[in-house]
Amino acid sequence: MTIHLTAAAEELRNLDGLTPREIVAELDRYVVGQQAAKRAVAVALRNRIRRQRLPPEAAAEVTPKNILMIGPTGVGKTEIARRLARLSASPFLKVEASKFTEVGYVGRDVDSMIRDLTESAVDMVRREKQAEVREKAERNVEEQLLDLLLPPSRPGFDAGGEERAPEPGAAEPARSTREKLREQLRAGALDTRTVEVEVRERSFPSFQILSSQGLEEMDVNLKDMLPGLFGGKTKRRRLTLPEAREVLRSEEEARLVDADLVARLAVERVQGSGIVFLDEIDKIAGRESGRGPDVSREGVQRDILPIVEGTTVSTKYGPVRTDHILFIAAGAFHVSKPSDLIPELQGRFPIRVELESLTLEDLVRILTEPRNALIKQYQALLATEGVEVSFTDEAIREMARLATDVNNSTENIGARRLATILETVLDEVSFEGGSAGPRTVRIDAAEVRTKLAPLVKDQDLSRFIL
Ligand SMILES: Nc1ncnc2c1ncn2[C@@H]1O[C@H](COP(=O)(O)OP(=O)(O)OP(=O)(O)O)[C@@H](O)[C@H]1O
Ligand SMILES: [Mg+2]
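Residues numbered from 1 in each chain as written. Chains lettered and ligands numbered in written order. Predicted model: local features only at pLDDT ≥ 70, side-chain atom pairs only at ≥ 80, totals over all residues. Heavy atoms only, no water.

Points about the layout of surface pockets
At step 1: In this structure, the second largest pocket occupies an estimated 780 Å³ of space.
At step 2: Looking at the second largest pocket, it is lined by 34 residues, and the ones nearest its centre are G74, V75, G76, K77 and R416.
At step 3: Broken down by secondary-structure element, the contributors of at least two residues to the lining of the second largest pocket are α5 (77-88), α15 (374-383) and α17 (416-425).
At step 4: By residue number, the principal contributor to the lining of the second largest pocket is α5, which donates four residues.
At step 5: For the lining of the second largest pocket, the per-class residue count stands at 16 nonpolar, nine polar and nine charged. (1 Å grid on protein atoms, 1.4 Å probe; cavity = no way out; pocket = protein on both sides within 12 Å on 5 of 7 lines; lining within 4 Å. Points joined across faces, edges and corners; volume = space filled by probe spheres on them. Helix = DSSP H or I, 4+ residues; strand = E, 2+ residues; numbered from the N terminus. Nonpolar A, V, L, I, M, F, W, Y, C, P; charged D, E, K, R; others polar.)

Some remarks on the confidence of the model for the protein
At step 1: Confidence along the protein averages 81 in pLDDT terms, with 80% of residues attaining 70 or more.
At step 2: When the criterion is pLDDT under 50, residues 1-13 qualifies, and its contacts beyond four places in sequence or with other chains add up to 26 contacts. (pLDDT = per-residue confidence, 0-100. Contact = heavy atoms within 4.5 Å.)

Some points on the packing of aromatic side chains
Each pair of aromatic rings is reported with the distance of its centres and the angle of its planes.
At step 1: The tally for this structure, following the rule as stated, stands at zero aromatic pairs.
At step 2: Of note, R83 hangs over the ring of Y30, and the distance from its end group to the ring centre comes to 4.0 Å. (Phe/Tyr/Trp six-rings, centres within 6.5 Å; stacked < 30°, edge-to-face > 60°. Lys NZ or Arg CZ within 6 Å of the ring centre and 35° of its normal.)

Focus: α17
At step 1: Every buried residue of α17 is accounted for by R417, L418, I421, L422, T424 and V425. Each buried residue of α17 lies within a common arc of 160° when the element is viewed along its axis, so the set occupies one face. (Buried < 20%, exposed > 50% of the residue type's maximum accessible area, 1.4 Å probe, protein only. Arc of directions from axis to C-beta.)

Topic: the site of ligand 1
At step 1: With respect to spatial proximity, 15 residues lie near ligand 1, and among them V32, T73, G74, K77 and T78 are the closest.
At step 2: G76 has a polar backbone atom sitting 3.1 Å from a nitrogen atom of ligand 1.
At step 3: Between ligand 1 and K77, the relevant distance is 2.7 Å, taken from an oxygen atom to a side-chain nitrogen or oxygen of the residue.
At step 4: Contact with the protein chains removes 85% of the 630 Å² of surface that ligand 1 exposes when unbound.
At step 5: When atoms are counted within 2 Å of each cavity's grid points, the one that captures over half of ligand 1 is the second largest pocket. (Near = heavy atom within 4 Å. Polar contact = N/O pair within 3.5 Å; in protein donor to acceptor, adjacent residues only side chain to side chain. Areas by Shrake-Rupley, 256 points an atom, 1.4 Å probe, with all protein chains shown as cover. Sits in = over half its atoms within 2 Å of the grid points.)

Below is the structure:
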């Protein structure tokens, strides 16, 4: 197996600076507590960079240490993965293990996760490459727009037979007219004018292929063979200048970027630094042999195994080796235990981290601290209508306390409980919004109690509402 230095070098640019400590600090901005899990993913991430610095022969030997995150529902497993994806700038895919089935059954086959991962890497690389050519594309588009506004006059031809608006300064030489137009174009003075542009049609195939496997095969073959069928046709449309600029720019960017290079870099990047987050892995734990119409869970595990162990999956961008892709699996393991996974699969997830149930203190912090904390979200939403909402510290503590109560008395759904709690507390404020003009709303503990106490006391009600 070869190590592609280009991919390595590119990755270093993104992540080189981040030490495990810094990765944890980044995650801290969004996820409260769960230090063990954060540490494990930070180390795994860093180890990939360390690996890329090894000489190729040594690097090939180092396989990623896949992680199994175990913890009750709603305590941040998926959230950690989501944040990690943003942070790492690696190709990242999150899939529910439960949606896979054994080959031959209805459902997705496991290879599709590598195909999807590659697809996301291609998007990523393409966007980067397009950003590199953006300036050039914009220059070209400007010329194209000028051509459309003022068709270049050729000797013997009457320029602009279709031209609608009278040309400004038609008497002047074409060149200076063009420069004047260019100035107006840049100043936005022509934004209301319309031009006719060839637009690529985004038509979808008029028939639906029902088997999911069939669709994936289609991906590889038919799409490329029959571009006309899948939206290669063009059509003339009249668009305003800003619209036309957008259309032309995206076409120009696509034209300037070498698709083969994008595919190659993307495959390299998937192989060297791809991350697959296998959520709900506990749902496929179990070793019963699937008799009857049920799909055998063990069968799915056996299908997943080679991918985690290292195999080659063919994608439309070329074969992809999975040896160095990092897998992070997560599950609540309420019913099943990690030991219910087939031994081979257990062995491929050597790092086990447990996420803890959230304490009252954690819930208080989750309400207020993360960058995207729920309270901040509501405040921002209502602020758009001039409503300024604030909570007293006691009110926040009271919400966390009630959330803990309901979690204990009905079902523990972790931080997810906060969403319904907050929704109930802010119900009236959200309904009225800014309809009666700007105002400030201050929510205190008493208010929280009046809104929630009746619901929390009544088990049946809280089962339905909170
Ligand atoms: N430790 C935490 N810090 C901040 N927010 C959290 C934390 N735990 C949960 N949340 C919030 O609760 C919601 C649910 O969390 P998440 O999706 O991570 O649950 P999960 O652990 O994956 O649960 P499940 O096992 O049901 O998939 C998220 O929107 C997240 O913002
Ligand atoms: Mg989850």
